[in-house]
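Descriptive structure summary
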Amino acid sequence: MKKSTVRITVVFVILIIVVVGYYTYLSGKSKDAAGDAKMTEIQIALSRDLANNYPPTVKEVMKYYADIQKCLYGGAATDEEIEQLGLKARELYDEELLENNDETMNLLQLKAEVESFQADEKKMTAISVSASNNVETFSEDGYDFARIQCYYTIVEKGQSSHTATVYLLRQDENRRWKIYGWELAKNVNPQ
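Residues numbered from 1 in each chain as written. Predicted model: local features only at pLDDT ≥ 70, side-chain atom pairs only at ≥ 80, totals over all residues. Heavy atoms only, no water.

What follows concerns helix α3 (residues 58-73). When the terminal C-alpha atoms of α3 are compared, their 22 Å separation across 16 residues agrees well with the 22 Å that a helix rising 1.5 Å per residue should span. Across the 16 residues that make up α3, a large majority, 12, are buried. Where α3 terminates, the next one or two residues include Gly 75, which has phi positive at roughly 95°. (Helix = DSSP H or I, 4+ residues; strand = E, 2+ residues; numbered from the N terminus. Expected span 1.5 Å × (residues − 1). Buried < 20%, exposed > 50% of the residue type's maximum accessible area, 1.4 Å probe, protein only.)

A surface patch of nonpolar side chains, about 320 Å² in accessible area, is lined by Val 6, Val 10, Ile 14 and Val 18. Relative to the assigned elements, Val 10 resides in helix α1 (residues 3-36). A relative accessible area of 43% places Val 10 in the partly exposed class. (Patch = residues over 30% accessible without salt bridge, like charges linked within 9 Å, V, L, I, M, F, W, Y side chains within 5 Å. Areas by Shrake-Rupley, 256 points an atom, 1.4 Å probe, with all protein chains shown as cover. Salt bridge = Lys/Arg side-chain N within 4 Å of Asp/Glu carboxyl O.)

Let's shift gears to the pattern of salt bridges. Within the structure shown, the criterion is met by six salt bridges. For Glu 91, the salt bridge goes to Lys 88, with nearest N and O atoms at 3.8 Å. A salt bridge links Glu 96 to Arg 170; the shortest N-O distance between them is 3.4 Å. Taken together, the residues Glu 96 in helix α5 (residues 95-99) and Arg 170 in strand β4 (residues 159-171) connect sequence positions 74 residues apart. By relative accessible area, which is 34% here, Glu 96 ends up partly exposed. Through salt bridges that share partners, Asp 94, Glu 96 and Arg 170 make up one connected network.

Here helix α4 (residues 79-90) contains 12 residues, and its C-alpha end-to-end distance of 17 Å stays within 8% of the 16 Å for a straight helix at 1.5 Å per residue. Among all positions of α4, only Glu 81, Ile 82, Leu 85, Gly 86, Lys 88, Ala 89 and Arg 90 are buried. Residues of α4 that are buried in the fold lie against α2 (41-47), α3, α5 and α6 (103-119). (Contact = heavy atoms within 4.5 Å.)

Following this line, the structure appears as structure tokens:
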């Protein structure tokens, strides 16, 4: 082989190695950037567009509400996020519940409750919503209602405790299930 052919081949191989190396470098960098771009649970909860994507069932409404609560009481929300999450939760409330809970006062109470939760070193670690076949539905005064239970696991200073809450939802004129109220399960009389 001629000397010039060997040189061209060596230069060509080096050039290929440089191009492949640079491509690998850029690919790794874009994967890192994509990894950094993952949304947090709070961002996911806040990004939901309830005007166009309202949960279709009682269970789905409560699952989304549970996601909001987990974000609020999970220990990672900032004051601004607490307010935004509180406003998102209010979008799930029935008109009557909203009328009885002034927005400003409701958000102030929520912030105080979350701060107290954190000061007591409490953290909500798990929420479980009853199965769809455990939803009790009934009609009263011309409205359709549904009752569903949620189970909460709260860790306080390393000790785990469990509690249950019964939620009452009412269907609005758009056939959307809205949270009408709630009570600790131990305070609810079986129907």
